[in-house]
Amino acid sequence: MTIATDLANPFGFGDTSHGEAPGHGTGGPAPKRVVVAYGFWIFLLSDIIMFSAFFASYAVLSGNTAGGPSGRDLFNIQNVIIETVCLLASSFTCGIASVGASARRAPIYFGAMAMTFILGAAFVGLEANEFAGFVARGDGPQRSAFLTSFFSVVGCHGLHVSCGLLWLLTMMAQVFAKGFRADILRRMACFSLFWHALDIIWVALFTVVYLLGSGA
């Protein structure tokens, strides 16, 4: 497959350059790249279903402040915009890293992955600082149903980003140690899909939780 084909079709769907599937005749077990692709898409869909449940809970509980602060009282939209810029920029650099991996260009790959890590870590740091500020004022998740649902949905996303950062470091270590092998490129494609999915979920969070919650 050419580099252009790799970028358009990272898992190799429809690629016949590696011969027919193993087994009798033209059938047999699916190639590993197809199994990995479908398995990872099922994982992403299950994650989206989980976040949908969190969104539904937040929608139901957002007005139950128990006399405590609401989103209008708590949220600093300027800080959240900075968080959003960091995460969206990290999605761009992650895309560049995918291009570098497909082209087997180590400097592009490692440079872009390092920037992705820095931007993602900045996002997590800003979010952790926001949470710490709320808790320090006595507005932790136990204060009201609204805050419980807020910390749950936003914290779950932050946990996913944190896990993604650990995965990113693992991918860099694997490429450094073993090079751009086919199995590592498949994992890189999975990581890229995961990271972009987190960006899409964050855009929904930013809109539903922060913008609507603050009355902006």
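The model shown is predicted, which means the values in this text are computed figures rather than measured ones.

Caption draft 1: Representation of the pattern of salt bridges within the structure. Per the counting criterion, the structure on display carries three salt bridges. Two residues, Arg 181 and Asp 183, come together in a salt bridge whose shortest N-O distance is 2.8 Å. A salt bridge links Arg 187 to Asp 183; the shortest N-O distance between them is 3.3 Å. Of this pair, Arg 187 and Asp 183 both sit in helix 7 (residues 182-214), four residues apart, which is roughly one turn of the helix.

Caption draft 2: Geometry of the packing of helix 5 (residues 106-136) against helix 7. Remark: helix 5 packs on helix 7, axes separated minimally by 14 Å, with the N-to-C direction vectors making an angle of 30°. The orientation of helix 5 relative to helix 7 falls into the category roughly parallel. Helix 7 is crossed by helix 5, and the crossing has left-handed handedness. Across from Tyr 109, Met 113, Thr 116, Gly 120, Phe 123, Glu 127 and Glu 130 in helix 5, the residues of helix 7 making contact are Met 188, Phe 191, Trp 195, Trp 202 and Tyr 210.

Parameters and conventions
- Residues numbered from 1 in each chain as written.
- Predicted model: local features only at pLDDT ≥ 70, side-chain atom pairs only at ≥ 80, totals over all residues.
- Heavy atoms only, no water.
- Salt bridge = Lys/Arg side-chain N within 4 Å of Asp/Glu carboxyl O.
- Helix = DSSP H or I, 4+ residues; strand = E, 2+ residues; numbered from the N terminus.
- Axes fitted to C-alpha atoms, helices over the stretch in contact; angles between N-to-C directions.
- Parallel < 35°, antiparallel > 145°, perpendicular 65-115°, else oblique.
- Left-handed = near helix turned anticlockwise from the far one by under 90°.
- Contact = heavy atoms within 4.5 Å.

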